[in-house]
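# Inside the fold
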Amino acid sequence: MWIPESLVPAVSEMVAEHAIKSADEVATRQAGDHVPISLPPPGHVRLAGPIGAMEQLARLRAAGLRAAVAILDPHYRRVAAKGRADYLAELLPLVSLAGEIADHVIVWGFPLAVARLVDHQPQHLEVEGWITWVFKNSANRARSWRGAQQVALHLKRPGALLYYDSTFTDSQRAAHAQGKLPYLMTARNVIIEEPLLSGFIRKPEQTGFRGGQKPISVMTPILQMTAAPGDLVIDPTAGSGSTGEAAAQLGCSAILSDRAASSLRIAKRRLAPYLINA
């Protein structure tokens, strides 16, 4: 459907309002009986599931938990018109609900998919910037950009704390400590260059997860920028558990879940040293 350019702002606002309303309705319906969810100690992980992302976020909201950051890594939709519509219909309520629980929301995906959220983010969130993961060892026969990077859209609540100094180099950190940094660097657009976990690359870290396992070295700087030790990190699309391992190593608490039993088996084995409900 073609929308005149003059009506795009109004339509975008209507879509954002609908996302908030849908998130509240779905969360109320899926929260179920109120079951207390205890906060894991710093450096530990609670793993739940199989459970859908929306249902898990609804339970966390009903339990009154507050998190520093929520990581969302949803299933990629095709670029056809129906795929785009399905993506927005699924993701906007999910992002809206995550933003009610967490100060920061990180949405992973391919650039063409994630970019659709920019004009439709819920009103209680604002775009902070882009995080790009570039990997040069992609076995991409087309040699295009798509197979060599993923991006994360960084949304945050107004006034949410950011730890920009985590992105400083050693020389910048030293200059900042002495008050000699010309201006405070910000991380609105972060580029993380780390290899894809494939073949013999970082073999000990590979878990056998086939959904695109992200290296801990990709997740760590994102958590360092959005959470402090002792803060809560949530990931209802946990996959192999990279978010949980990175959070535990940084001294954060983490609550992870996934809808796939196969993913949970891998995450449980990987996160065994940090789990409190093993």
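Summary of the structure given here. No experiment lies behind these values; they were computed from the predicted model shown.

## Brief notes about the overall build of the chain
- In terms of regular secondary structure, the chain is built from 8 helices and 8 strands.
- For the chain, the residues scored as buried account for 46% of the 278 residues in total.
- When contacts within the chain are restricted to residue pairs at least 6 apart in sequence, those whose partners lie at least 24 apart make up 73%.

## A short note on the sheet that holds strand S7 (residues 232-235)
- Spatially, S1-S8-S7-S2-S3-S5-S4-S6 is the arrangement adopted by the 8 strands of the open sheet, whose pairing is mixed. On the outer flanks of this sheet lie strand S1 (45-48) and strand S6 (189-193), each paired with one strand and no other. Taken over all neighbouring pairs, the strand axes of this sheet differ in orientation by 15° on average, direction set aside.
- As paired elements, S7 and strand S8 (residues 253-257) share 4 bridges and run parallel to each other.

## Here's the deal with the side chain of Lys-214
- Mapped onto the elements, Lys-214 comes out in the loop between S6 and helix H6 (216-226).
- Relative accessible area serves as the criterion here: at 6%, Lys-214 is assigned to the buried category.
- Looking at Lys-214, its side chain comes within polar contact range of the side chain of Asp-73, at 2.6 Å.
- When near neighbours in sequence (up to four residues on either side) are disregarded, Lys-214 contacts Asp-73, Trp-108, Trp-133, Gln-150, Leu-197, Glu-205, Met-219 and Ser-242.

## Observations regarding the pattern of salt bridges
- Applying the stated criterion across every chain, the model contains 7 salt bridges.
- With a closest N to O distance of 2.6 Å, Lys-214 and Asp-73 form a salt bridge. In this pair, Lys-214 sits in the loop between S6 and H6 while Asp-73 sits in the loop between strand S2 (67-72) and helix H3 (81-101), placing the two residues 141 residues apart along the sequence.
- The closest approach of N and O atoms between Lys-156 and Glu-126, which form a salt bridge, is 2.8 Å. Of this pair, Lys-156 sits in strand S5 (residues 149-156) while Glu-126 sits in strand S4 (residues 126-134); the two residues are 30 residues apart in sequence, bridging distant segments of the chain.
- On the basis of relative accessible area, Lys-156 is assigned to the buried category, the value being 7%.

## Focus on the side chain of Lys-156
- Here Glu-126 takes part through its side chain, which lies 2.8 Å from a polar atom of the side chain of Lys-156.
- Those residues in contact with Lys-156 that lie beyond four places of it in its chain are Asp-103, His-104, His-124, Leu-125, Glu-126, Glu-128 and Leu-162.

## As for H6
- Burial of H6 is extensive: 8 of the 11 residues sit out of reach of the surface.
- When H6 is considered as a whole, its buried residues turn out to be Ile-216, Val-218, Met-219, Thr-220, Ile-222, Leu-223, Met-225 and Thr-226.

## Regarding the environment of Ala-175
- Residue position: Ala-175 is located in helix H5 (residues 170-177).
- In contact with Ala-175, other than residues within four places in its own chain, are Lys-180 and Leu-181.

## Side note on the nonpolar core
- Formed by 35 residues in total, the largest nonpolar core has its most connected members in Val-45, Ile-106, Trp-108 and Ile-131.
- Residue contributions to this core peak at 6 residues, all from H6.
- Non-local contacts of Ile-131, meaning those with residues more than four positions away in its chain, are made with Ile-106, Gln-150, Val-151, Ala-152, His-154, Val-190, Ile-192, Ile-222 and Met-225.
- Within the second largest apolar cluster, 30 residues are counted, among which are Ala-58, Leu-65, Leu-72 and Val-107.

## Overview of the packing of H6 against helix H7 (residues 242-249)
- Remark: H6 packs on H7, axes separated minimally by 9 Å, with the N-to-C direction vectors making an angle of 55°. Between H6 and H7, the angle is such that the two are oblique. Remark: the crossing between H6 and H7 carries right-handed chirality. Contact residues: Ile-216, Met-219, Thr-220 and Leu-223 in H6; Ser-242, Thr-243, Glu-245, Ala-246, Ala-247 and Gln-249 in H7.
- For the contact of H6 with H7, the class distribution of residues is 5 nonpolar, 4 polar and 1 charged.

## Overview of the environment of Val-134
- By secondary structure assignment, the location of Val-134 is in strand S4.
- Placed 15 residues apart in sequence, Val-134 and Gln-149 show a C-alpha to C-alpha distance of 4.5 Å.

Definitions and limits used
- Residues numbered from 1 in each chain as written.
- Predicted model: local features only at pLDDT ≥ 70, side-chain atom pairs only at ≥ 80, totals over all residues.
- Heavy atoms only, no water.
- Helix = DSSP H or I, 4+ residues; strand = E, 2+ residues; numbered from the N terminus.
- Buried < 20%, exposed > 50% of the residue type's maximum accessible area, 1.4 Å probe, protein only.
- Contact = heavy atoms within 4.5 Å.
- Pairing = 2+ DSSP bridges.
- Axes fitted to C-alpha atoms, helices over the stretch in contact; angles between N-to-C directions.
- Polar contact = N/O pair within 3.5 Å; in protein donor to acceptor, adjacent residues only side chain to side chain.
- Salt bridge = Lys/Arg side-chain N within 4 Å of Asp/Glu carboxyl O.
- Core = buried A, V, L, I, M, F, W, Y, C linked by side-chain atoms within 4.5 Å.
- Parallel < 35°, antiparallel > 145°, perpendicular 65-115°, else oblique.
- Left-handed = near helix turned anticlockwise from the far one by under 90°.
- Nonpolar A, V, L, I, M, F, W, Y, C, P; charged D, E, K, R; others polar.

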